[in-house]
Amino acid sequence: MKIAISATAPGLDAKVDPRFGRCQCFIIADPETMEFEVVDNSSAMTAGGVGISTAQMIAEKEVEAVLTGNCGPNAYQALSSTGIKVITGVSGSVKGAIEGYRSGKSQTSASASVPDHFGIGSTSGIGGGFGAGGKGRGVGMGRGKGRGMGGGMGVGRMRDSRVGAGPGGECICSNCGARIPHQAGTHCYNLSCPQCGAKMVRG
């Protein structure tokens, strides 16, 4: 029996990464013996389809469950279709997550815990395009994806209203919720929380 845990770094003492598709690596472990291997997540920095490609990679490891902080709808569907249980809301250390699963404390999630594109790490701060005559694609409702490809729905630019979007904003601790100002040019997940040391995620 093997399970996969999204991790911020190799090793059982690493923190559980709150992102499934874009986590740094996975710990593939046997809960009974605590034997494990580390699998780098080669899909983490790809532009699109991350959840599905990561789920396919995990399915090839023949695990019975995935433990993570959050899981989007595409990844959830891909994992569930292969019979893999998805357990979200997991935090703390990888070792603690494994022990919790072994003791039966972990509950299988009935659906995805976050919307699509969760955990991308950066957005453009510009909504659905450049108004009349804009080109490319986008949703036009303040959810620019950071690719300069707005959809032009409506006249002029629409500001993204989400906290932490754009070049400013905040990085939030995945463990204790502490917030620090986002540093331009630095991914939040490369920073550690000044209070508890856990990895930060984009607000």
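The following refers to the structure shown. Each chain has its residues counted from 1, running along the sequence as written. Under the rules for a predicted model, residues below a pLDDT of 70 receive no local features and side-chain atom pairs below 80 are neither given nor counted, while totals for whole chains, interfaces and linings still include all residues. Hydrogens and water are ignored here; the side-chain numbers use all heavy atoms of the structure.

1. Examining the environment of Ala 110
Examined against the element boundaries, Ala 110 turns out to sit in the loop between α3 (94-102) and β6 (170-173). Burial classification: accessible surface area is computed with a 1.4 Å probe over protein chains only, and a residue below 20% of its type maximum counts as buried, one above 50% as exposed, and the rest as partly exposed. Of the residues examined, Ala 110 reaches a relative accessible area of 75% and is grouped as exposed. Expressed as a C-alpha distance, the spacing of Ala 110 and Val 86, which sit 24 residues apart in the sequence, is 8.1 Å. Strands are runs of DSSP state E lasting at least 2 residues, helices are runs of H or I lasting at least 4, and numbering of each runs from the N terminus.

2. Comments concerning the pattern of salt bridges
Note on definitions: salt bridges are taken to be side-chain nitrogens of Lys or Arg within 4 Å of carboxyl oxygens of Asp or Glu. Tallying each qualifying case throughout the model produces 2 salt bridges. With a shortest N-O distance of 2.9 Å, Asp 17 and Arg 19 are connected by a salt bridge. The exposure classification of Asp 17 matches that of Arg 19, with both residues buried. The partner of Arg 179 in a salt bridge is Glu 170, and the shortest N-O contact between them spans 2.8 Å. Residue classification places Arg 179 among the partly exposed positions, given a relative accessible area of 48%. Exposure remark for Glu 170: the relative accessible area of 26% places this residue in the partly exposed category.

3. A look at helix α1 (residues 50-59)
Where α1 is concerned, the buried positions are Val 50, Gly 51, Thr 54, Ala 55, Met 57 and Ile 58. Looking straight down α1, one finds that the buried residues subtend no more than 160° of arc, so they occupy a single side. The directions from the helix axis to the C-beta atoms are what the arc is built from.

4. Quick notes on the side chain of Thr 68
Take Thr 68: it is sitting in the loop between β4 (65-67) and α2 (73-80). Thr 68 gets classed as buried once you look at its relative accessible area, which sits at 0%. Throughout, a residue-residue contact means that at least one pair of heavy atoms, one from each residue, lies within 4.5 Å. With residues up to four places along the chain from it excluded, the contact list for Thr 68 reads Ser 6, Val 16, Asp 17, Pro 18, Arg 19, Phe 20, Ile 87, Thr 88, Gly 89 and Val 90.

5. Some words on unusual backbone geometry
The backbone phi angle of Met 34 is positive, close to 65°, even though this residue is not glycine. Following the sequence through the fold, Met 34 ends up in the loop between β2 (25-29) and β3 (36-40). The exposure class of Met 34 is buried, given its relative accessible area of 19%.

6. Examining the packing of α1 against α2
What describes two packed helices is the angle between their axes and the distance between those same axes. Inter-axis angles, ranging from 0 to 180 degrees, are taken between N-to-C directions of lines fitted to C-alpha atoms, where helices are fitted over the stretch in contact. Packing of α1 against α2 brings their axes to within 8 Å, and their N-to-C directions diverge by 25°. The angle between the axes of α1 and α2 places the two elements in the roughly parallel class. Our pair here, α1 against α2, has a crossing hand that is right-handed. For the pair α1 and α2, the contacting residues are Gly 51, Ile 52, Ala 55 and Ile 58 in the first and Asn 74, Ala 75, Ala 78 and Leu 79 in the second. Gly falls in the polar group here, along with every residue not listed as nonpolar (Ala, Val, Leu, Ile, Met, Phe, Trp, Tyr, Cys, Pro) or charged (Asp, Glu, Lys, Arg). Considered class by class, the residues forming the contact of α1 with α2 number 6 nonpolar, 2 polar and no charged. Oblique is the label for any angle not covered by the other classes, which are roughly parallel (under 35 degrees), roughly antiparallel (over 145) and roughly perpendicular (65 to 115). Handedness of a crossing follows from how the near helix is turned relative to the far one, being left-handed for an anticlockwise turn of less than a right angle and right-handed for a clockwise one.

7. A closer look at the sheet that holds strand β1 (residues 3-7)
Reading across from one edge, β3-β2-β1-β4-β5 is the order of the 5 strands in this open sheet, with mixed pairing throughout. Of all strands in the sheet, those bounded by a partner on one side alone are β3 and β5 (85-87). Across the sheet, the mean angle separating the axes of adjacent strands is 20° when strand polarity is ignored. For two strands to be treated as a pair, DSSP must find no fewer than two bridges joining them. When β2 meets β3, the two strands line up antiparallel, connected through 5 bridges. Its bridge partner being in β3, Cys 25 is matched across the sheet by Asp 40. Packing of α1 onto the sheet brings it into contact with β1, β2, β3 and β4, and relative to β2 it is tilted by some 25°.

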